[in-house]
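# What the coordinates show
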Amino acid sequence: FAAITPANAMKMNVIQPVRGRFDFVDADALYAFAQQNGLEFRGHPLVWHTQAANWLEEEGVDRDTTLAIMYEHMDGLMGHFPDLPYWDVVNEAIERNSEGVWTFRDTFWHRMIGDDLIDLAFQHARALDPDAKLLYNDYNIEQLGHPKADKVFEMISDMKARGIPIDAVGFQSHYYVEPNGNTNPGVPNIQAIRDNMARYAAIGVDVHITECDFRIGRPLDPTKEELQKSFFAGLLQACIDAPNCSHFTVWGLSDVDSWVPSTFPDYDYAHLFDAQFVAKPAYAALTTVLAQYNPDGTPIGSGGGATSTGGTPSTGGAPSTAGAPSTGGGSRDDGGCSVGPRSNTLWPA
């Protein structure tokens, strides 16, 4: 592992529980751990509708005030961590409305600020840090041909054309097999993901796999475990093969503190290690893929092999992991940015 994403420690309800009063304790601890171990540290997220602060709707009485709150939050967070290489600027801002049209998600941020919410957030982030790579992050946007994926690509293409400073897109990559073994739509078409990566490359946008996991509908059986193994290996290989895919982050390390059971009660077993921290076949599959490459990302036997100095190789690289949880998980139909503790947690209280 070469990087850490704070799963919850930078979310608004944790880091700014009272307007203007920032609590960096958890985020600082994760950042210190990353620094001590030579790990890249990612900023996640700046603007998100879920896990927003309780005071937000009381304070944000109009567009100008809400916009000021958004900028204040970004100023405080990015100002405290001034040199991070990557920021997930806006998270999960597209949804299908009641008429079946994929458009801006109906959130407090969007209702108060309007359609230029995303543009303004990215422009402000660029003003705060001219060097950081800025990402839009979402789920169900990995496969070319999926209507949400196509909508997000259209949005990002338009942002690029208008000069909005966006550098990369985050494919969350939460997938699953149903309890009865059904694989449609939960098991992705890896070629469709490759094709989607390619069209982003064509417009000069990088791709990061940002929150990868594969939940299994109970009961666990060897067939489902094989699907999980193939998913992780296939997606990592797709990222390595794509010249514009540089990061592969798993969303949580083990089943002991998984966000999945609290959000999807019929599912579990989504991660690379089980609840006893034993590596699964999916972990072995990732190591098999990575074993084909030198530390600098070149294929073994190609003449490469220079020692890496940290981060991830330019052609794919080692997986990274989301940081330890600090709050409970969310509840949505798809995706999942929160990491929630299990009822049978092994962590001390």
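So, a few notes on the structure that sits alongside this text. Sequence order sets the numbering: in each chain, residues are counted from 1 along the sequence as written. Under the rules for a predicted model, residues below a pLDDT of 70 receive no local features and side-chain atom pairs below 80 are neither given nor counted, while totals for whole chains, interfaces and linings still include all residues. Water and hydrogen atoms were dropped before computing side-chain values, which therefore reflect all heavy atoms in the structure.

### With respect to the pairing of strand 7 (residues 168-171)
Each residue's exposure class comes from its accessible area (1.4 Å probe, protein chains only) as a fraction of the maximum for that residue type: buried when under 20%, exposed when over 50%, partly exposed otherwise. In this description a helix means any DSSP run of H or I spanning at least four residues, a strand means any run of E spanning at least two, and both kinds are numbered starting from the N terminus. The alternating pattern of strand 7 places A168 and G170 and V169 and F171 on opposite faces, both of which are buried. Paired strands are those between which DSSP finds at least two bridges. Sheet analysis places strand 6 (residues 133-138) next to strand 7, joined by 4 bridges and oriented parallel. Paired with D138 across the strands is F171, a residue of strand 7. Consider the strands pointing away from the viewer: the crossover is right-handed when the path from the first strand over the helix to the second runs clockwise. Note that the unit made of strand 6, helix 7 (residues 147-161) and strand 7 has a crossover that is right-handed. Sheet analysis places strand 7 next to strand 9 (residues 206-217), joined by 4 bridges and oriented parallel. Residue V169 lies in a different strand from strand 9, and its bridge partner there is V207.

### Description of unusual backbone geometry
Of note, the bond from H44 into P45 is cis; its omega dihedral lies within 30 degrees of zero at -25°. Along the polypeptide, P45 turns up in the loop between strand 2 (40-41) and helix 3 (56-59). Along the chain, R218 connects to P219 via a cis peptide bond; the corresponding omega equals 5°. Looking at the element boundaries, P219 is found in the loop between strand 9 and helix 9 (222-241). At S173, a position not held by glycine, the phi torsion is positive, near 70°. With respect to the helices and strands, S173 occurs in the loop between strand 7 and strand 8 (174-177). Among the residues examined, S173 registers a relative accessible area of 0% and is labelled buried. One non-glycine residue, F277, adopts positive backbone phi at about 65°.

### Topic: the side chain of T50
Looking at the secondary structure, you find T50 in the loop between strand 2 and helix 3. The exposure class assigned to T50 is buried, which follows from its relative accessible area of 18%. Under this definition, polar contacts are N or O atom pairs within 3.5 Å; protein pairs additionally need one hydrogen-donor-capable and one acceptor-capable atom, and for neighbouring residues in sequence, both atoms have to be side-chain atoms. Within the structure, T50 has its side chain in polar contact with the side chain of H49 (distance 3.2 Å).

### As for the pattern of salt bridges
Every case where a carboxyl oxygen of Asp or Glu lies within 4 Å of a side-chain nitrogen of Lys or Arg is listed as a salt bridge. Counting across every chain of the model gives 16 salt bridges. The salt bridge involving D116 is made with R63; its shortest N-O contact spans 3.1 Å. You can see D116 sitting in the loop between helix 5 (108-113) and helix 6 (117-128) and its partner R63 sitting in helix 4 (residues 63-80), a full 53 residues away along the chain. Between R162 and D158 there is a salt bridge; the shortest N-O distance is 2.8 Å.

### A word on helix 2 (residues 25-36)
Expected span of a helix, by definition, is 1.5 Å for each gap between consecutive residues, and there is one gap fewer than residues. With 12 residues, helix 2 should cover 16 Å at 1.5 Å per step; its first-to-last C-alpha distance of 16 Å lies within 8% of that length. Those residues of helix 2 that fall on the buried side of the exposure criterion are A27, L30 and A34. Buried residues of helix 2, seen end-on, are gathered within an arc of 65° and therefore sit on one face of the element. Across helix 2 from its buried face, at more than 90 degrees, point the exposed residues V25, Q35 and Q36. Note on contacts: a residue pair qualifies if any of its non-hydrogen atoms lie within 4.5 Å across the two residues. Where helix 2 is buried, its residues meet strand 1 (3-5), helix 1 (12-15) and strand 2. G38 sits one or two positions beyond helix 2 and adopts a positive phi of about 65°. The arc in question is the one traced by the directions running from the helix axis out to the C-beta atoms.

### Side note on the state of the cysteines
Note on terminology: disulfide denotes any pair of cysteine sulfur atoms within 2.5 Å. All told, the structure shown has 1 disulfide when counted by the stated rule. Between the sulfur atoms of C239 and its disulfide partner C245 the distance amounts to 2.1 Å. Every disulfide takes its handedness from the sign of the S-S torsion; for C239 and C245 that torsion is -90°, giving left-handed. Among the cysteines around C212, which has no disulfide bond, C239 carries the closest sulfur, lying 9.9 Å off.

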